[in-house]
Amino acid sequence: MSVNLDWENLGFSYMKLPYRYLAYYKNGQWEKGGLTEDATLHMSESYPCLHYGQQAFEGMKAYRTKDGSVQLFRPDQNAKRLQRTSDRLLMPQVPTDMFVDAVKQVVRANEEYVPPYGTGGTLYIRPLLLGVGDIIGVKPADEYIFTVFAMPVGNYFKGGLTPTNFIVSDKYDRAAPYGTGAAKVGGNYAASLLPGQMAHEKKFSDVIYLDPATHTKIEEVGSANFFGITKDNEFVTPYSPSILPSITKYSLLYLAEHRLGLKAIEGDVPIDDLDRFAEAGACGTAAVISPIGGIQHGEDFHVFYSETEVGPVTRKLYNELTGIQFGDVEAPEGWIVKV
C-alpha cells in the first residue's frame, strides 16, 4: 500500500481522493457516467438543489478483509433507499446496477485508500443526487447530477465501544408527520443541527426525537435509529412513517433473530416505558452501534445496563455485524459484494 497515512488515527472528515464518479441525467435519461479527477461540482446559481432542496444522498462503506480484499455491505439496499427518496422528491431513480457499478468504480480507483484490516478504519462512500438546470420556479429539475466520492475514516469509537447519554427533545421535531422523515434528504439534517447543538451544550451526545404527532414514542436518536433489548430477550426498534429506514437497523433485526435467537420486533416504543429495556443503543452506518447509557426525559434520567459498560447483547450484535462487514463472520446470502 503506497499511501502514507496514520491509519490508526483517522478521524471522520473529508479527504480529497484522486477519483470520483459523475453522471448526468438529460433529456429524460441517464448519460454514461465515469470517473473524474475533478472534485469540484460546477454549478449555476439557478440550480433547484440550492434553492429548494431537491437533493438526496447516501452513506455507506467499503471494508478491507483479512486477506487484503475489499468488500461492500448490502450496497443494493442503499440503491433502493436512494430510489425511494428519489420518488418522494420527484427525481429520476438511479438504477441499482448503475449505483452499485459507480460505487465499485470509485472504490477500485481509490483502493489504496481503503484502510488496512485491523485498524478499525473503513472507506466511507457518499453517493449524491442533485437537481440541476436553470430553474427558478418551484418545480422538479429537468436535469440531474449523480456523483459518488469517498474518503478513509477511522473507527467511530476512540477508546472502544462506550455508552453515552442522550436527552429527549421537548421543543423540536426531526420531521413532520408524513413529511420527508423516511427520505434521506439534506433538509432533515439541517433541521437537526440546532437541537443537536443544544444537547451537546448540556453534555449529552445527541437528541432523542419523539414522534411528531403525539410526542409519546421514540422515533430517532440524532441521525441514527433506536433499538432496545428487553429483559425477556426481545430486540425492539421503532416503526413510523417518519423514520429513516436504516440499513444497519434492518440488518440488526435479522441478526438478532437469526443469529442471537432474540424475538425481533418493529413497533411502538413509548418514552414512558423505558423500564422494559435492559440495554439500548443507536445504530447507523457511521457508528454501527452507539450504546446508550442513559436518557434524560424531563426531570427523569433513565439508566439502562450501565453508563460505563456495554451490555452483553449489544456487544454480541456489534461483533456479529462488524464481523460480517470485515469478512470474519459468514454473511447471510447477498449481503456482501466483493469489489
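Fair warning: this is a prediction, and the values are worked out from it, not measured in the lab.

Novice: Break down the pattern of salt bridges for me, with residues and values.
Specialist: Considering all chains together, one arrives at eight salt bridges under this definition. Of the charged contacts in the structure, one is a salt bridge between Arg276 and Glu234, with a shortest N-O distance of 3.9 Å. Of the two residues, Arg276 is situated in the loop between strand S14 (263–267) and strand S15 (277–284) and Glu234 in strand S13 (residues 234–238); the sequence distance between them amounts to 42 residues. Of the residues examined, Glu234 reaches a relative accessible area of 16% and is grouped as buried. A salt bridge links Arg276 to Asp273; the shortest N-O distance between them is 4.0 Å. Residue classification places Asp273 among the partly exposed residues on the basis of a relative accessible area of 33%. Within this structure, Glu234, Asp273 and Arg276 form a network of salt bridges that share partners.

Novice: Go over the packing of helix H5 (residues 247–258) against helix H6 (residues 312–325), please, and point to the residues and values.
Specialist: Where H5 meets H6, the closest approach of the two axes is 10 Å, and the angle between their N-to-C directions is 110°. Comparing their axes, H6 and H5 come out roughly perpendicular. Between H5 and H6 lies a crossing whose hand is right-handed. Each of Thr248, Ser251, Leu252, Leu255 and Ala256 in H5 lies in contact with H6, whose residues at this interface are Leu317, Glu320, Leu321 and Ile324.

Cut-offs and rules
- Residues numbered from 1 in each chain as written.
- Predicted model: local features only at pLDDT ≥ 70, side-chain atom pairs only at ≥ 80, totals over all residues.
- Heavy atoms only, no water.
- Salt bridge = Lys/Arg side-chain N within 4 Å of Asp/Glu carboxyl O.
- Helix = DSSP H or I, 4+ residues; strand = E, 2+ residues; numbered from the N terminus.
- Buried < 20%, exposed > 50% of the residue type's maximum accessible area, 1.4 Å probe, protein only.
- Axes fitted to C-alpha atoms, helices over the stretch in contact; angles between N-to-C directions.
- Parallel < 35°, antiparallel > 145°, perpendicular 65-115°, else oblique.
- Left-handed = near helix turned anticlockwise from the far one by under 90°.
- Contact = heavy atoms within 4.5 Å.

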